[in-house]
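The residues making up each chain are set out below.
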Amino acid sequence: MTKYATGTRTGNDHALAVYLELRARPASAFDEVADGLELSAEERERCRGELATLGLIEPDDPAGTRVPTVVDPDIALVRLLQCECDRLENRLAETSRAHTSLETLAGPFLRAGTAPRSEVDVEIVSDPETIRRELAGLTDSVRSCLHSMHTGSVRREDMADELEGDRRKIERGVRVRAMYSRRAGAVPEMAQHLRERAALGVELRFSAVVPMNMVLADENFALLPTDPHDPDSSAILARGPGLVRSYLALFAYCWHAATPYGDEDQAERGGGDGLSEQQRVALRMLASGIKDEQIAKNLGVSLRTVSRLLSEVMHELGAASRFEAGVKAARLGLLDGDARDPGV
């Protein structure tokens, strides 16, 4: 018995049986194997579709009367991972183009008056003192809501001022929301600061990955970096709902996916439906060909933690190896964020 036939089977046992027969009988046509297994027309089409989707067969004849090309599982996995890497590269390229367009809009076009300054006002600021002055002014100018995302911890010398600003805004009825990278909350001094913010009424959430630093006030002000990967880069100051509403939509998406403050333990256990957010992020990076060391760096955890996360992923997916976990993750749509609910 081969390694592919041992252990508890999950998913489509018929597809696995067909695949094993095709490997054992390389001269047999798909329908010939399906007839031998006494599969119905519906079952054989489902098997054919699943094996083709996983890249385990390359049918020469859709009718199933000729011999299909059977692909080794290792090769199929490499192809799936390469396809996912290509999709990620395309997304990064699209993001880069959008960022370039934003910088262009923030430059001569808006300043030349192609959009009314009363509607949209964008400025690139490199002076840290100007940025701090703009942020300080929000304490008194914001009317209804203040949203922020933070990739790291608050500087110790700024903590007292932030708490005082929170108190003044909340006393005026302003809704204050803040999202932090989960590793920031693991710093003892930062954890105490977050407890004090929560006690004042600030709504807090954690995420395994925070895409960038961002501050949004009402629908009229946004502060974000020109380069999300460089904390020392210049900042974009955007005023006017024409742009700020788009940033609010991004914040709302990230906020919905984040873990509410106080629920971190439950999130780490994965909730009731399997993988936690951190495990999903680690799985996607693994499937993209990223090494354990870089995964650990991206998540802000140790190599031992990465090894534990991936072991938990394999256990949750019922996989005996990382390869098998990758195949099952691809079949379930976990690699592109569109996971299907296996209970449906």
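Residues numbered from 1 in each chain as written. Predicted model: local features only at pLDDT ≥ 70, side-chain atom pairs only at ≥ 80, totals over all residues. Heavy atoms only, no water.

Undergrad: Even after reading the chapter, I still don't get the packing of aromatic side chains, so can you show me in this structure?
TA: The relation between two aromatic rings is expressed through the spacing of the ring centres and the mutual angle of the planes. Summed over the entire model, instances satisfying the criterion amount to two aromatic pairs. Look at Phe206 and Tyr261: their rings are 6.0 Å apart centre to centre, the planes differ by 45°, and that puts the pair in the tilted class. Pair noted here: Phe206 is in strand E6 (residues 203-207) and Tyr261 is in the loop between strand E10 (259-260) and helix H9 (264-269), with a separation of 55 residues, a long-range link. By relative accessible area, which is 4% here, Phe206 ends up buried. Relative to Trp255, the ring of Phe251 has its centre 5.6 Å away and its plane inclined at 25°; by these criteria the two rings are stacked. Of the two residues, Phe251 and Trp255 are both situated in helix H8 (residues 241-257); the distance of four residues between them amounts to about one turn of the helix. By the burial criterion, Phe251 is buried, and Trp255 matches it. (Phe/Tyr/Trp six-rings, centres within 6.5 Å; stacked < 30°, edge-to-face > 60°. Helix = DSSP H or I, 4+ residues; strand = E, 2+ residues; numbered from the N terminus. Buried < 20%, exposed > 50% of the residue type's maximum accessible area, 1.4 Å probe, protein only.)

Undergrad: When you look at helix H12 (residues 303-317) in this model, what are you seeing that I'm missing?
TA: Compared with the 21 Å implied by 1.5 Å per residue over 15 residues, the 21 Å span of H12 between its first and last C-alpha is a close match. Residues of H12 that are buried: Thr305, Val306, Leu309, Leu310, Val313, Met314 and Leu317. Two residues or fewer past H12, Gly318 is found with a positive phi of approximately 70°. (Expected span 1.5 Å × (residues − 1).)

Undergrad: What is the right way to look at unusual backbone geometry in this model?
TA: Excluding glycine, residues mostly carry a negative phi; peptide bonds, for their part, are mostly trans. Here the phi dihedral of Glu38 falls at roughly 60°; this positive angle occurs in a residue that is not glycine. Following the sequence through the fold, Glu38 ends up in the loop between helix H2 (30-36) and helix H3 (41-53). Unusually for a residue other than glycine, Asp218 sits at a positive phi of about 50°. With respect to the secondary-structure elements, Asp218 resides in the loop between strand E7 (214-217) and strand E8 (221-225). Owing to a relative accessible area of 6%, Asp218 belongs among the buried residues under this scheme.

Undergrad: Would you mind going over the environment of Val202 with me for this structure?
TA: Following the sequence through the fold, Val202 ends up in the loop between helix H7 (188-200) and E6. The buried category is assigned to Val202, whose relative accessible area is 5%. For the pair Val202 and Leu146, spaced 56 residues apart in sequence, the C-alpha separation works out to 9.9 Å. The residues contacting Val202, other than those within four sequence positions of it, are Asp166, Ile170, Val176, Ala178 and Arg197. (Contact = heavy atoms within 4.5 Å.)

Undergrad: It is not clear to me how the pattern of salt bridges should be interpreted in this structure. Could you clarify?
TA: Two side chains bearing opposite charge may form a pair once their charged atoms approach each other closely. In the structure shown here, the tally under the stated rule is 21 salt bridges. Here Asp31 and Arg48 are joined by a salt bridge, their closest N and O atoms 3.6 Å apart. With a gap of 17 residues between them, Asp31 in helix H2 and Arg48 in helix H3 connect regions that are remote in the sequence. Overall, Asp31 belongs to the buried group, its relative accessible area being 18%. Glu312 serves as the salt-bridge partner of Arg308, at 2.9 Å between the closest nitrogen and oxygen. With a gap of four residues between them, Arg308 and Glu312 both fall in helix H12, about one helical turn apart. The structure contains a network of salt bridges with shared partners spanning Asp31, Asp35, Arg44, Glu45 and Arg48. (Salt bridge = Lys/Arg side-chain N within 4 Å of Asp/Glu carboxyl O.)

Undergrad: Help me out: how do you make sense of the nonpolar core in this one?
TA: Among soluble globular proteins, nonpolar side chains are generally buried collectively. In this structure, Tyr180 and Leu223 are the most contacted members of the largest nonpolar core, which totals 22 residues. Breaking this core down by element, the ones donating at least two residues are helix H5 (128-141), strand E5 (175-181), H7, E6, E7, E8 and strand E9 (235-239). Beyond its immediate chain neighbours, meaning those up to four positions away, Leu223 contacts Ile131, Leu135, Asn213, Met214, Val215, Ala235, Ile236 and Leu237. Ranked by size, the runner-up nonpolar core spans 20 residues in total, among them Leu102, Ala222, Leu248 and Trp255. (Core = buried A, V, L, I, M, F, W, Y, C linked by side-chain atoms within 4.5 Å.)

Undergrad: What exactly am I supposed to notice about the packing of helix H11 (residues 292-299) against H12 here?
TA: Axis angle and axis distance: for two packed helices, these are the angle between their axes and the distance between the axes, and together they describe the pair. It is the contact of H11 with H12, at a shortest axis distance of 9 Å, that shows an interaxial angle of 100°. Considering the angle they form, H11 stands roughly perpendicular to H12. Here Asp292, Glu293, Ile295, Ala296 and Leu299 of H11 lie close against H12, whose contacting residues are Leu303, Val306, Leu309 and Leu310. (Axes fitted to C-alpha atoms, helices over the stretch in contact; angles between N-to-C directions. Parallel < 35°, antiparallel > 145°, perpendicular 65-115°, else oblique.)

Undergrad: It is not clear to me how the sheet that holds E10 should be interpreted in this structure. Could you clarify?
TA: Picture the strands of a sheet paired through backbone hydrogen bonds; they go either parallel or antiparallel. Overall, mixed pairing links the eight strands, which are arranged E3-E9-E8-E7-E4-E5-E6-E10 in an open sheet. Sheet topology places strand E3 (121-125) and E10 at the edges, where each strand pairs with a single neighbour. (Pairing = 2+ DSSP bridges.)

Undergrad: Would you mind showing me how to read the side chain of Arg44 here?
TA: Note on placement: Arg44 falls in helix H3. Filtering out sequence-adjacent residues up to four positions away, Arg44 remains in contact with Phe30, Asp31, Ala34, Asp35 and Leu39.

Undergrad: Mind showing me how you'd approach the packing of helix H10 (residues 277-287) against H11 here?
TA: H11 packs onto H10 with a crossing angle of 140° between their chain directions and a minimal axis gap of 10 Å. Crossing of H10 against H11: the hand is right-handed. Listed contacts from H11 to Gln278, Val281, Ala282, Met285 and Leu286 of H10 are Ile295, Asn298 and Leu299. Taken together, the residues of the contact of H10 with H11 sort by class into six nonpolar, two polar and no charged. (Left-handed = near helix turned anticlockwise from the far one by under 90°. Nonpolar A, V, L, I, M, F, W, Y, C, P; charged D, E, K, R; others polar.)

Undergrad: I keep staring at the pairing of E9 and nothing clicks. Help me out?
TA: Within a regular strand, side chains alternate between the sheet's two faces. Burial analysis of E9 places four of its five residues in the buried class, the great majority of the element. By the bridge criterion, five bridges tie E3 to E9 in an arrangement that is antiparallel. Looking across to E9, one finds that Val125 is bridged to Ala235.

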